[in-house]
Amino acid sequence: VEINIPKGYYGDSVFTVTITEPNTKTASSVSVDIHVIAADLPKQELLFTQWFYPDCLASYYQVPAWSEEHWRIVENFARLAAKRGRNVIYTPLFTPFLNVQPDFYRTPCQLVDVIVEEGDYRFDFSKVDRWVDMCDRLGFEYFEISHFYQQHLAKYAAHIYGIVDGQQKRIFGWETESLDETYQNFLRQLIAAFIDHMKARGDDQRCIYHISDEPDLENLEHY
């Protein structure tokens, strides 16, 4: 049971929970004395983030990624994350390349729409705008941009989907090594376009970029 204490409130209260069995009408109650001191927490100064997985929410609730129902579910969970003190939110430009075994693909769930045209790329950031606007409503201050490479070894490219010749398909995946020149060219175009877009919004200084995670001495040179 969670109690929301209004900002500025202090004093003594009694909180009572009663559970009633519907058939026998028997009830059980418990009361708790609550003392709220006359102090509010100061503004959070740390940058606090934890993984946030819209793709898992789409899978669990069996709704299409970025359908209206999915957006509703995502906002509910994001609201709770903000309430719990997170001021940075993990933002899936790409489907998160996190916590997966080799050859496994998570449910596609990227915010950036990618259109491939003769080796060049166009990017639609409409869903990014909706995401940022949602997070502004909920009180998030910063956006942790999803990993550009595989989580642990940075050996492979992120899993990217795009529209090629009018058809949606995966364009980078487990078969793409991180230093593949085609992928590097994609990242150059995507990052430049994304930064320009966020600058136009006035939000470029709110982004924190992820390369990969958890290097060790064996892959230090690769990093």
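That block above? That's the structure.
About the criteria used
- Residues numbered from 1 in each chain as written.
- Predicted model: local features only at pLDDT ≥ 70, side-chain atom pairs only at ≥ 80, totals over all residues.
- Heavy atoms only, no water.
- Pairing = 2+ DSSP bridges.
- Helix = DSSP H or I, 4+ residues; strand = E, 2+ residues; numbered from the N terminus.
- Axes fitted to C-alpha atoms, helices over the stretch in contact; angles between N-to-C directions.
- Parallel < 35°, antiparallel > 145°, perpendicular 65-115°, else oblique.
- Left-handed = near helix turned anticlockwise from the far one by under 90°.
- Contact = heavy atoms within 4.5 Å.
- Nonpolar A, V, L, I, M, F, W, Y, C, P; charged D, E, K, R; others polar.

(A) Up close: the sheet that holds strand β3 (residues 88–91). A sheet is described by the order of its strands in space; here three strands give the open sequence β3-β6-β9, paired in parallel fashion. The open sheet has two edge strands, β3 and β9 (207–209), and neither has a second partner. Going from strand to strand, the sheet's axes swing by 30° on average, the running direction of each strand aside. As paired elements, β3 and strand β6 (residues 142–145) share four bridges and run parallel to each other. By the bridge assignment, I89 is partnered in β6 with F143.

(B) Region of interest: the packing of helix α1 (residues 54–61) against helix α2 (residues 68–83). Packing of α1 against α2 brings their axes to within 10 Å, and their N-to-C directions diverge by 120°. Looking at the two axes, α1 sits oblique to α2. Seen along the crossing, α1 lies across α2 with a hand that is right-handed. For the pair α1 and α2, contact is made by P54, L57, A58 and Y61 and by H70, I73, V74 and F77, respectively. Counted by class, the contact of α1 with α2 contains seven nonpolar, one polar and no charged residues.

Treat this as a map of the structure, not an account of what it does.
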